[in-house]
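# Fold and contact review
Here is how the chains run, residue by residue.
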Amino acid sequence: MLKYSFFLFFSLCAELINCQEVNFSQFNTIAPYYNPAFTSAFTGNYRVSVLHRNQWIGFSDQPISSFCILGDIKFDFGIQNFKSDYFGASVYFITDRAQQFDWNNNEVSILLAYHKLLDKSNSQYISLGIGVGITQRSINYDNLYFEDQFDGLNKYNGSTSELLPPNIFSKPSIKIGLQHQVRLKSKFKLQSGLAIHHIFRPDVSFYKDFDNIDYTGSNSLKSDIKITGIVNANYKINNFTDLIPKLLISNQGPHFLTNLGMSIRRSFYNLNQTAIHAGMNTRLIKNLGGIIPADLGFLLGFEIKSFIIGMHYDFGIRDVAKYASPTHSIEVSLSLIGNYDNEGFICPTF
């Protein structure tokens with residue numbers, strides 16, 4: 001069993017608690033998680049998406065594992081002058097786990113969005129969304145050992161005098177977002193959005209409800225506000241081929257991440273509603289030396305009528321330079337879209 005010191009444990013906790021939150025390379029698969037205004041902004045009546053990611057394979061025999069399941073649905077008002085406006089609702093559950101420490105971060109949220117048509121040609125919408133949920137964080141102390149448990153030889157078999165707080169807590173999660181989508185030309189479509197997370201900066205310290213007269217440390221750690229921007233585009237090269245660039249920028253306190261990618265979608269005339277996607281992306285992060293590339297990613301996706309399957313692999317560029325050995329991350333996604341129309345306005349898939 002792994003032995004972790006008191007210093008390492010609480011250093012990691014401080015990093016995990018207040019660091020930038022879980023991020024997926026296929027971020028458009030669960031876009032409402034990043035921006036509630038993206039709720040129901042897809043071509044179809046309803047959608048169910050599942051996304052799983054194993055991160056830092058090769059760095060540890062127990063990689064960080066992330067999983068999300070999301071469903072959203074459209075409601076058309078269907079009345080004169082507002083018949084093209086619509087309302088969207090979504091719910092998701094997401095979990096992030098660092099297995100070595102048995103660290104778990106679980107979140108469930110409900111999201112609502114209103115999509116307003118700005119012109120009668122159905123080419124331009126503006127959307128406002130809000131998400132309200134609960135986040136739960138926990139850690140298992142059974143896998144942690146502290147310096148005062150060391151027997152002086154080679155075992156951690158003594159008792160500890162460390163003052164440990166409750167190993168689980170919950171906090172509210174509130175986010176708001178704005179989205180705009182427009183068809184600029186017959187071949188070019190653009191979607192952009194901005195969201196703000198943790199507006200009221202909830203307390204994310206394990207010690208916030210810890211009541212012990214011998215404890216003299218801080219009882220509070222406020223969450224940093226997170227700002228996330230997404231830009232998707234679609235350029236139709238011909239009747240069967242689309243070029244799809246995408247960009248995600250996220251900033252939370254000192255933590256910064258950019259995911260920039262490009263993919264090609266090729267549809268098949270003789271196979272109705274069938275297409276293949278292939279693409280690449282890179283993740284950029286900020287450290288003390290500035291903004292550096294962290295991962296190089298490769299995407300392969302398939303549309304088979306209402307089903308969309310995505311497979312993504314990230315190669316750890318930063319870890320090659322820093323540790324002379326790369327890390328690997330793998331994502332798999334599956335989406336089902338009801339009444340899917342792949343010729344609709346814009347539906348960023350991955």
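What comes next concerns the included structure. (Residues numbered from 1 in each chain as written. Predicted model: local features only at pLDDT ≥ 70, side-chain atom pairs only at ≥ 80, totals over all residues. Heavy atoms only, no water.)

The subject of this paragraph is the side chain of R53. Mapped onto the secondary structure, R53 falls in strand β1 (residues 46-57). Within polar-contact distance, the side chain of R53 engages the side chain of D314 at 2.9 Å. A distance of 3.5 Å separates the side chain of R53 from the side chain of S329, its partner in a polar contact. Apart from the residues lying within four places of it in its own chain, the contact partners of R53 are N23, F24, S25, I64, S65, S66, R283, D314, S329, I330 and E331. (Helix = DSSP H or I, 4+ residues; strand = E, 2+ residues; numbered from the N terminus. Polar contact = N/O pair within 3.5 Å; in protein donor to acceptor, adjacent residues only side chain to side chain. Contact = heavy atoms within 4.5 Å.)

To continue, consider the packing of aromatic side chains. One pair of aromatic rings is described through two measures. These are the centre distance and the angle between the planes. Enumeration over the complete set of coordinates arrives at 10 aromatic pairs. Between the aromatic rings of F27 and Y34, the centroid separation amounts to 6.3 Å while the plane-to-plane angle is 75°, which identifies the pairing as edge-to-face. For the residue pair F27 and Y34, the accessibility class agrees, reading buried in each case. Over the ring of Y86 we find K74; its NZ or CZ atom is 4.9 Å from the centre of that ring. (Phe/Tyr/Trp six-rings, centres within 6.5 Å; stacked < 30°, edge-to-face > 60°. Buried < 20%, exposed > 50% of the residue type's maximum accessible area, 1.4 Å probe, protein only. Lys NZ or Arg CZ within 6 Å of the ring centre and 35° of its normal.)

Before going further, it helps to spend a moment on the pairing of strand β10 (residues 255-267). As defined by bridge partners, strand β9 (residues 241-252) adjoins β10 across 12 bridges and the pair is classed as antiparallel. Directly across from S250, in β10, lies its bridge partner L257. Turn length for the β9-β10 hairpin, with the two strands adjacent in sequence and antiparallel, is two residues, and the turn residue G253 shows positive phi of about 60°. Inspection of the sheet shows β10 paired to strand β11 (residues 274-287) by 11 bridges, in the antiparallel sense. Within β11, the residue paired with R266 across the bridge is I276. (Pairing = 2+ DSSP bridges.)

In this structure, S127 sits in strand β5 (residues 124-138). A polar atom in the side chain of S127 sits 2.6 Å from the side chain of H115. If we ignore the near neighbours within four places in the chain, the residues touching S127 are A37, Y114, H115, G177, L178 and Q179.

Time to look at the nonpolar core. In terms of nonpolar packing, the biggest core is built from 19 residues, with F24, I30, Y33, Y34, C68, Y92 and I94 touching the most fellow members. Residue assignment for this core shows that the elements contributing at least two residues are α2 (31-34), β2 (64-76) and β3 (86-98). At three residues, the largest contribution of residues to this core is made by α2. Among the nonpolar cores identified, the runner-up in size contains 11 residues, and I139, F146, F169 and V204 belong to it. (Core = buried A, V, L, I, M, F, W, Y, C linked by side-chain atoms within 4.5 Å.)

Bringing the environment of P166 into the picture now. Of note, P166 is situated in the loop between β5 and β6 (168-185). Judged by relative accessible area, which is 43%, P166 ranks as partly exposed. For the pair formed by P166 and K208, sequence separation is 42 residues and the distance between their alpha carbons is 9.6 Å. Residues in contact with P166, not counting those within four places in the same chain, are Y141, F206 and F210.

Bringing the pattern of salt bridges into the picture now. By the definition in use, this model includes 10 salt bridges. Among the salt bridges present, the one from D72 reaches R47, with a minimum N-O distance of 2.9 Å. Of the two residues, D72 is situated in strand β2 and R47 in strand β1; the sequence distance between them amounts to 25 residues. Pair check on accessibility: D72 and R47 agree, each one buried. Residue R53 pairs with E331 through a salt bridge whose shortest N-O separation is 2.7 Å. Taken together, the residues R53 in strand β1 and E331 in strand β14 (residues 328-338) connect sequence positions 278 residues apart. Residues R53 and E331 agree in their burial class; the two are buried. Each of K236, D242, R265 and E303 takes part in salt bridges that share partners, so that together they form one network. (Salt bridge = Lys/Arg side-chain N within 4 Å of Asp/Glu carboxyl O.)

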